[in-house]
Amino acid sequence: VFIPILLMGGMVGRLFREFAVTLSAAIAVSLLVSLTTTPMMCARLLKPEQGRTHGSLYRASEWVFDHMHSTYNRSLHWALAHPLLMVSLTLLTVGINIGLFIYIPKGFFPEQDTGRISGAIQAAQDISFQAMREKLSKVVDVIKSDPDVTDVTGFTGGGGGGGSTTNTARMFIALKPFEERKTSARDVIGRLRKKLVQVPDAPTYLQPVQDLRVGGMASNALYQFTLQGENLKELNKWAPRVLRQLRALPQLVDVSSDQQDKGLQSWLQIDRNTASRLGITAQLIDNTLYDAFGQRQVAITYTPLNQYHVVMEVAPRYWQRPETLREIYVHSSNGAEVPLSAFTSYQPTATSLSVNHLGQFPSVTTSFNLAPGAALGDAVKAIEDTTRRLMLPVSIRGMFLGTAEAFESSLANEPWLILAAVVAVYIVLGILYESYIHPITILSTLPSAGVGALLALLLCRTELSIIAVIGMLLLVGIVKKNGIMMVDFALEVERKEGKKPVDAISQACLLRFRPIMMTTMAALLGALPLAVGRGVGSELRRPLGIAIVGGLILSQMLTLYTTPVIYLYMERFRLWGQRVRRRPGRHPVTDEVAGSEGLG
């Protein structure tokens, strides 16, 4: 079962390779212990039944088991008397499996509550640094007022990914420990989102920090959808249209874009004839503007403990308005001071604050979070349908990045992963029993486990994530032991005692009822803490436990009755095949020679 996980490629394969190796090593050690030390302990510790006294708890448990055993005996005979109903039930579980797999909401990794939240502010593109700093201060004050927040750190004006332009800012929010707060990180975000609306012109995007974040880029939300184009002008035309459509989707919240093409610049037009008459060159104008608004280093001041770089520039109050250009004077070649306005004119124009690239081509990335109750699979499908309806030009290509991209890849591989595990089990069982038929009998226990796992996930409002798929793969290894216990014993009785198939499988079911119930309960109780656990990191463990518990409960109720019937039908099929091969008028060697001659 773990071979497919071990051979998985991509980011998901690297994440679960240690998982597969650890479980495989544990199973190998368990095999060694069960074949060596367990028989030795049985020889030393087990006592004869004669003369033993049992407590009331033991007698009560035995009374319960005897009652269950007698009930199962009666119901088993009824199931064997209605084989078509049991076969129909098995086929029905196969169909329900397919339907539930298509219907169930699908996700990638469950969203964790790590006690940390990252935030981003994306204000108007023509905002100044000073105004952006004031808005950041107001947003930080609002967040700090929340009772579940312990600390907030914010910065603007520098850094990569969303913090590289003047109109953006980033924040890191620390929440109280999980035991000291009553709400989750997602609830805190929902509460803060309502308060932050009061800060005008400062849309704030919050997302819980995840331990597992696959690729992507720093953005305002967890998931990214990117438009990549060959022509920047065409890309800037279509990106806002896609953004408006995505904001209208009910599955998405916190939809924002990194398109920064609405900035303002002052375009300085030089009258070169006038400048030439005044003895002013283009290089002189460029040096004067750089002295005023650039960061020209003019000196270094040395102190006993440090040194300071002296930068020439105009006073900060002149940075805020383009009218300052009228107050700039240029020293001409004859020593006269000439106002810049005497030979230049300026006008405001739009410009891009930044142009992002994916590979070698310009790109615009739309980031989004999931609305409450929405699954990543639903969001991905809605985005794909929306972009398909918009009929983007051939030169523009839409793609998912980071977690959404890995989700798409894993979604395509999940059915093949489960199928590979089933095929691997079939091959191993076929080798063990030297049969093509009875491995199918054992694998007939799996559909009911899949239905149980998917129904449990639906009832618990949990997505079919990668973690849940791993739980279903574990079910393949756990559930098939019911069929192995029955089929192994029945085949042994048939071959050594010559019993009829119906008598052999009936005896196998009744004698193996206790170990089947014991192993199932042990596995179920072992997975129950995963399903109901809380605390930091429980979101990653819960789907695993829910899938195992749900699959074990339903498979236990069904396979005790369907597996014996499937066994009988497979035995009839095997015996029919033997009769066909032994029918009169056919000689195996002669037929083989004739067949080879015919081929020749």
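Heads up: the structure comes first, above all this text.
Fair warning: this is a prediction, and the values are worked out from it, not measured in the lab.

## Considerations on the overall build of the protein chain
Here's step 1: Looking only at helices and strands, the protein chain has 19 helices and 15 strands in total.
Here's step 2: In terms of overall size, the protein chain is more extended than a compact globule, its C-alpha atoms giving a radius of gyration of 36 Å where 600 residues would be expected to give roughly 25 Å.
Here's step 3: The principal-axis extents of the C-alpha atoms in the protein chain amount to approximately 120 × 75 × 50 Å.
Here's step 4: Residue burial in the protein chain is summarised as follows: out of 600 residues, 42% are buried.
Here's step 5: Once local pairs closer than 6 in sequence are excluded, the contacts in the protein chain between residues at least 24 apart make up 75%.
Here's step 6: Entry remark: accessible area of the protein chain is about 33200 Å², with carbon and sulfur atoms responsible for 61%.
Here's step 7: Counting 58 positive and 47 negative side-chain charges, the protein chain places the centres of these two groups 5 Å from one another.

## A word on helix 7 (residues 185–196)
At 3.6 residues per turn, the α-helix brings residues three or four places apart onto the same side.
Here's step 1: Taking 1.5 Å per residue, 12 residues should reach 16 Å; helix 7 reaches 16 Å between its end C-alpha atoms and fits that length.
Here's step 2: If you check which residues of helix 7 are buried, you get A185, V188, I189, L192 and L196. An end-on view of helix 7 places all buried positions within 100° of arc, on one side of the element.
Here's step 3: At its buried positions, helix 7 is contacted by strand 1 (116–122), helix 6 (129–144), strand 3 (168–175) and strand 4 (204–208).

## A word on the layout of surface pockets
Here's step 1: Volume-wise, the largest pocket comes out at about 1200 Å³.
Here's step 2: Residue assignment for the lining of the largest pocket shows that the elements contributing at least two residues are helix 7, strand 14 (361–370), helix 14 (446–459) and helix 18 (538–581).
Here's step 3: Taken together, the residues of the lining of the largest pocket sort by class into 19 nonpolar, nine polar and 11 charged.
Here's step 4: Together, 25 residues line the second largest pocket, and L264, Q265, W319, Q320 and R321 are the ones closest to its centre.
Here's step 5: Contributing elements (two or more residues each) for the lining of the second largest pocket: helix 6, strand 7 (263–270) and helix 10 (282–293).
Here's step 6: The class makeup of the residues in the lining of the second largest pocket is 11 nonpolar, 11 polar and three charged.

## With respect to the environment of E323
Here's step 1: Along the polypeptide, E323 turns up in the loop between strand 9 (307–312) and strand 10 (329–331).
Here's step 2: With a relative accessible area of 33%, E323 lands in the partly exposed category.

## A short note on the sheet that holds strand 2 (residues 149–156)
Here's step 1: Reading across the sheet, the four strands line up as 2-3-1-4 and stay open at both edges, with antiparallel pairing between neighbours. If you trace the sheet from one side to the other, it starts and ends with strand 2 and strand 4, each paired once. Along the sheet, successive strands turn relative to each other by an average axial angle of 20°, direction set aside.
Here's step 2: As paired elements, strand 1 and strand 4 share five bridges and run antiparallel to each other. Across the sheet, the residue bridging to G119 is L206, located in strand 4.
Here's step 3: In the packing of helix 7 onto the sheet, the strands contacted are strand 1, strand 3 and strand 4, and the crossing angle to strand 4 comes to about 175°.

## Focus on the nonpolar core
Here's step 1: Judged by nonpolar contacts, the single largest core of 100 residues is most densely connected at F108 and F368.
Here's step 2: With 18 residues, the single largest contributor to this core is helix 15 (residues 466–497).
Here's step 3: Beyond its immediate chain neighbours, meaning those up to four positions away, F108 contacts V12, V214, L376, T403, A406, F407, S410, S465 and I466.
Here's step 4: With 24 residues, the next largest nonpolar core counts I117, V142, V188 and V199 among its residues.

## Observations concerning the packing of aromatic side chains
Here's step 1: Tallied over the entire structure, the rule returns eight aromatic pairs.
Here's step 2: Aromatic ring contacts, followed pair by pair, group F65, Y72, F513 and Y561 into a single cluster.
Here's step 3: Against the face of F101 rests K106, its NZ or CZ located 5.4 Å from the ring centre.
Here's step 4: Directly above the aromatic system of W238 lies the positively charged group of R241, at a separation of 4.6 Å from the ring centroid.

## With respect to the pattern of salt bridges
Here's step 1: A complete count under the given rule lists 14 salt bridges for this structure.
Here's step 2: One salt bridge connects R191 with D148, and the closest N-O pair in it is separated by 2.9 Å. You can see R191 sitting in helix 7 and its partner D148 sitting in the loop between helix 6 and strand 2, a full 43 residues away along the chain.
Here's step 3: Residue classification places D148 among the buried positions, given a relative accessible area of 9%.
Here's step 4: For the salt bridge of K262 with D261, the shortest nitrogen-to-oxygen distance reads 3.2 Å.
Here's step 5: K262 sits in the exposed class, given a relative accessible area of 51%.

## Regarding a nonpolar patch on the surface
Here's step 1: A surface patch of nonpolar side chains, about 550 Å² in accessible area, is lined by W416, L419, V423, I427 and I431.
Here's step 2: Of note, L419 is situated in helix 12 (residues 402–433).
Here's step 3: L419 gets classed as partly exposed once you look at its relative accessible area, which sits at 44%.

## A closer look at the side chain of T226
Here's step 1: Residue position: T226 is located in strand 5 (residues 223–229).
Here's step 2: Of the polar contacts made by the side chain of T226, one reaches the side chain of T365; its length is 2.9 Å.
Here's step 3: Residues contacting T226, with those up to four places away along its chain left out, are L358, S363, V364, T365, R397, G398, M399 and L401.

## Brief notes about the packing of helix 5 (residues 83–103) against helix 18
Here's step 1: Direction vectors running N to C along helix 5 and helix 18 enclose 110°, while the axes themselves pass 9 Å from each other. What the angle tells us is that helix 5 and helix 18 run roughly perpendicular. As for the relative orientation of helix 5 and helix 18, their crossing is left-handed in sense. Here P83, L84, M86, V87, L89, T90 and T93 of helix 5 lie close against helix 18, whose contacting residues are L558, Y561, T562, V565, I566 and Y569.
Here's step 2: When grouped by side-chain class, the residues that make up the contact of helix 5 with helix 18 number 10 nonpolar, three polar and no charged.

## Description of the packing of helix 14 against helix 18
Each packed pair of helices is defined by two parameters, the angle between the axes and the distance between the axes.
Here's step 1: Taken N-terminus to C-terminus, the directions of helix 14 and helix 18 make an angle of 135°; their axes are 7 Å apart at the nearest point. Taken together, the axes of helix 14 and helix 18 lie oblique to each other. Crossing hand, helix 14 versus helix 18: right-handed. Within the contact between the two elements, helix 14 uses S448, A449, V451, G452, A453, A456 and L457 and helix 18 uses P543, I546, A547, G550, G551, L554, S555, L558 and T559.
Here's step 2: Classifying every residue of the contact of helix 14 with helix 18 by side-chain character gives 10 nonpolar, six polar and no charged.

So, how was this worked out
Residues numbered from 1 in each chain as written. Predicted model: local features only at pLDDT ≥ 70, side-chain atom pairs only at ≥ 80, totals over all residues. Heavy atoms only, no water. Helix = DSSP H or I, 4+ residues; strand = E, 2+ residues; numbered from the N terminus. Rg over C-alpha atoms; globule rule 2.2 N^0.38 Å. Buried < 20%, exposed > 50% of the residue type's maximum accessible area, 1.4 Å probe, protein only. Contact = heavy atoms within 4.5 Å. Areas by Shrake-Rupley, 256 points an atom, 1.4 Å probe, with all protein chains shown as cover. Lys, Arg positive; Asp, Glu negative; His and termini not counted. Charge placed at Lys NZ, Arg CZ, Asp CG, Glu CD. Expected span 1.5 Å × (residues − 1). Arc of directions from axis to C-beta. 1 Å grid on protein atoms, 1.4 Å probe; cavity = no way out; pocket = protein on both sides within 12 Å on 5 of 7 lines; lining within 4 Å. Points joined across faces, edges and corners; volume = space filled by probe spheres on them. Nonpolar A, V, L, I, M, F, W, Y, C, P; charged D, E, K, R; others polar. Pairing = 2+ DSSP bridges. Axes fitted to C-alpha atoms, helices over the stretch in contact; angles between N-to-C directions. Core = buried A, V, L, I, M, F, W, Y, C linked by side-chain atoms within 4.5 Å. Phe/Tyr/Trp six-rings, centres within 6.5 Å; stacked < 30°, edge-to-face > 60°. Lys NZ or Arg CZ within 6 Å of the ring centre and 35° of its normal. Salt bridge = Lys/Arg side-chain N within 4 Å of Asp/Glu carboxyl O. Patch = residues over 30% accessible without salt bridge, like charges linked within 9 Å, V, L, I, M, F, W, Y side chains within 5 Å. Polar contact = N/O pair within 3.5 Å; in protein donor to acceptor, adjacent residues only side chain to side chain. Parallel < 35°, antiparallel > 145°, perpendicular 65-115°, else oblique. Left-handed = near helix turned anticlockwise from the far one by under 90°.

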